[in-house]
Structure formats: structure tokens, C-alpha cells
Amino acid sequence: MIKFISVFNFIILILFFCCYFYQAVYVFIRFIKKQKDHTAETFHKFAILISARNENSVISGLLECLNNQSYPSDCYDIYVVADNCTDNTADIARSHGAFVFERFNKEQVGKGYALDYALKNIKKSKGYEFYDAYIVFDADNLLDENYLMEMNHTFDSGYDILTSYRNSKNYDSNWISAGYALWFLRESKYLNGSRMLFNTSCAISGTGFLVSSKIIAQNDGWKHHLLTEDIEFSIDNAIQGNKIGYCEKAVLYDEQPVDFHVSWLQRLRWAKGFYQVFYNYGKQLVKGCVKEHRFQCFDMLMTIAPATLITLSTLLFNFFFICYGIVEQSPDIVNLAIYEVFSTLAGVYLSLFLVGAITTITEWEQIHCSSFKKIIYLFTFPIFIFTYIPIAIVALFKKVTWVPIQHTISKNVEEIRQ
């Protein structure tokens, strides 16, 4: 029995190593290779799409950022979908010069449906091809003044889909907002940034992404409506062989939840959405890995694979043998199982701490809070990620629907950088 416990835990360790070692290589490559600079030969015509539901507290900040871009103002139009709004979001958007589509549909709820509504309206009035590409933002976002210019440079180099660098409006609020922000910084720097260097496909993450009119026309709008439409879109394009690029110089600031209950609901939707994507696209990804030997399919498979549940299963397995050893009065079994539990927890904590530390050190100037908080939130970052374990369990059994997240932080970019 003791040998069985040791072998089981060793196999799980090897499994994790084989699945995720490449992400350690991702980190390493960022230290030895620099991103390629792109320079556009033309100013492309963009449509800016913003889905907003009762966002009157924050949407003016994004619209002001868009109106103050260094990019030629005649090369982009702003469209806001006031989606089931009961406030004056639509009026605020119009006052800032945006085209507004008001949508009222209580059955088809979620960002994907709002995006499709905007795109279908543009198709009717101008046609998809009137614009070279469409750039999607959330209403709470803020942008560096060169955001559109930098996206245009990378888009002009040949990518049909792009994502950008995702920073935070409120890293310093508390350990919850910092947990989100540090994860997204790591995702930008050491996942998408490294994917770009490896010339493989990146992944869309929520907001701040570009899609060419060619892709929009092929899909006849926005066809992805699972709970995590962003990762569904990324997986679908990986399977089709469409490569998603990354523009590190295009910096976006995103508001993160500070209340644990709100965070729980949001991440519960994400966890359920990942299961949905895995269920709907998992077989195709495996086929792309095994039969077609496409690395981007393996990478995306690891992105949506339920690693949290594997960790939980390992812990439960060892807890079972702790109980078994107590009943059988076998101190050796109890001690070994306890050791394996603490080894698993310590190993995961240290791994996450290391990920957070590398990201914090290299992105120190991009993290806008006091040095003291930067250090403190390194220690709470693994705890934040650990809270995904109960979320992942609940998401397996609970019916989850899309629920809007309220945004309240009204800042400008200069205030964030202070």
C-alpha cells in the first residue's frame, strides 16, 4: 500500500511536468529573445466595439481615451452596444461621439450576443468589409494613447487576430484585485508574449483584442456564445489554424473585482465556461495534437484542461489514505499520506509564488502600487489561485448563467500611473 501511494503521487507529478514544462520554457525564452518591432505601411480603418450594460460610472473614461488616441481620428469609428441598460449609458456614449445600438433581449444575454448584434447592424448599414478590422473593449477599460497605433503596426504585419497587453486599473485595491492583475500580467508577458516569440498562436483574454473583417465575414458576425466566449473564440481559431498575434506595446487597463463574492460569481462563470469549451472542442484539440502534430492545439488544450481538478483529486486520494491508515492503525500509511498532502500544497504554492515573483520583478514598473503592496501580494497570489479549487468543484454541478459585473472605478491613465 505504501508503495502504491508513492507511485501514484509520482505519476501525477510526472503528468504535470509533461503537460506544463513548456510554460517554464516560455518564461526562459522571454529573457533571451526580444519581441520584433512592427511598422505599418498604412493606416487601417477600424471599428471599435464596446458592449456596455449599465456602465455610466466608467464608460466615459474609455471613450475619452479613444477620442484622445494618437491614431488618425478619421480611421476609426466607435460603436457602443447599450445592452439591456436601465441607466444613461447610451446618452453618455452619444455625447462622446459614439454610434449607439440599444439592445433589449433578456433571453440571449452575454457579451457574445451583444457583439453579434453590433456586427449585424454594421453589416446592414455598411457591410463587414467597410472596416479592415474590429477592436473589442469592455466599458471599464482605459488605454494608453498609442494603443490603436501599436495595434495597427502589428495588424499590418499580417495577423488577422490580435490581443494586447492587459494591465490593471486597481492592482492596489486588495489581494483579490492584485491576484487577478498579476495573473493577467503573467498571461500577457509569459504566455502570449512567449507564444509570439515561438511563432505559435496566442489566446484572447476577455478584452482588448482585434479581429479582421475577413474573420468576421467568415463567421458572419460573432458566433461564439459559451460562458467564456473569449477562450471559445481562441480555441476555435487554433483548431482552424488561424494564428492569433500579440501586441505588447498596446497597453490596456482593466478593472478587477475587489469583493470575494463578486469574484466568486465571475470565476464560477469562467470555470463553467472552460468546462463547456473543453466538452465542445476537446476532441478536436486532441486530434490537432495527436494526428496533425500542431503545437498550438496542445497549448490551447493545456489552457482549458481541468488541472485544478487533478490537483484536487490528488489531495482527496491522499486524504482517503490518511483515513484508511487511521482505521487500519498504520502510522506509516498515515504519515506518508500526510506528507504527500503537504508536499502537493507546498509545491503548488511555491510554483505559483515563483510565477508571481518573476512577473512582479520583470513588470515592476508596470504594476502601479506601492513597493510594500507589490511584495505582500506576492504571498497572497497563490492563495487567490487556490480559491479556484472550490470554484472548480461547484462549477461541475451548478447551473451557471452570465451575470454582469458592476464597475465603479473612475480613473484616468495618469491617475493609475501615479
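For the structure itself, look to the data block above.
Residues numbered from 1 in each chain as written. Predicted model: local features only at pLDDT ≥ 70, side-chain atom pairs only at ≥ 80, totals over all residues. Heavy atoms only, no water.

This part covers the environment of Ala139. Topologically, Ala139 is positioned in the loop between β4 (133-138) and β5 (142-143). Residue classification places Ala139 among the buried residues on the basis of a relative accessible area of 1%. Each C-alpha atom, one on Ala139 and one on Asn84, is 14 Å from the other, the two residues being 55 residues apart in sequence. Every residue in contact with Ala139, bar those within four places of it in the chain, is listed here: Ile50, Ser51, Ala52, Glu55, Val58, Ile59 and Leu62. (Helix = DSSP H or I, 4+ residues; strand = E, 2+ residues; numbered from the N terminus. Buried < 20%, exposed > 50% of the residue type's maximum accessible area, 1.4 Å probe, protein only. Contact = heavy atoms within 4.5 Å.)

Quick look at the sheet that holds strand β6 (residues 161-168) now. Strand order in the open sheet formed by 8 strands is β3-β2-β1-β4-β7-β6-β8-β5, and the pairing between neighbours is mixed. Two strands bound the open sheet, and with one partner strand each, they are β3 (99-103) and β5. Alignment of strand β1 (residues 46-52) against strand β2 (residues 76-83), held across 7 bridges, turns out to be parallel. Bridged to Ala52 within β2 is Ala82. Together, β1, β2, β3, β4 and β7 (209-212) form the strand contacts of helix α4 (residues 111-125), whose direction differs from that of β3 by roughly 125°. (Pairing = 2+ DSSP bridges. Axes fitted to C-alpha atoms, helices over the stretch in contact; angles between N-to-C directions.)

Per the stated rule, a full pass over the model turns up 37 aromatic pairs. With centroids separated by 5.9 Å and ring planes inclined at 55°, the aromatic side chains of Phe4 and Phe317 adopt a geometry described as tilted. With Phe4 in helix α1 (residues 2-32) and Phe317 in helix α11 (residues 307-327), this pair connects stretches of sequence that are 313 residues apart. Relative accessible area serves as the criterion here: at 46%, Phe4 is assigned to the partly exposed category. For Phe317, a relative accessible area of 16% gives the class buried. Considering the side-chain rings of Phe130 and Tyr131, the 4.9 Å spacing of their centres and the 85° angle between planes classify their relative orientation as edge-to-face. Judged by relative accessible area, which is 41%, Phe130 ranks as partly exposed. Through a chain of ring-to-ring contacts, three or more aromatic side chains come together here, namely Trp175, Tyr180, Phe184, Phe260, Trp264, Trp270, Phe384 and Tyr388. The aromatic ring of Trp183 is capped on one face by Arg186, whose charged end is 4.8 Å from the ring centroid. (Phe/Tyr/Trp six-rings, centres within 6.5 Å; stacked < 30°, edge-to-face > 60°. Lys NZ or Arg CZ within 6 Å of the ring centre and 35° of its normal.)

Turning our eyes to something else, we now look at helix α9 (residues 260-290). In the structure, α9 departs most strongly from a straight axis at Tyr281, where the bend amounts to approximately 60°. Measuring from the backbone nitrogen of His261 back to the side-chain oxygen at the start of α9 gives 3.0 Å, which picks out Asp259 as the cap. (Bend = angle between axes of the 7 residues up to and from the residue. Polar contact = N/O pair within 3.5 Å; in protein donor to acceptor, adjacent residues only side chain to side chain.)

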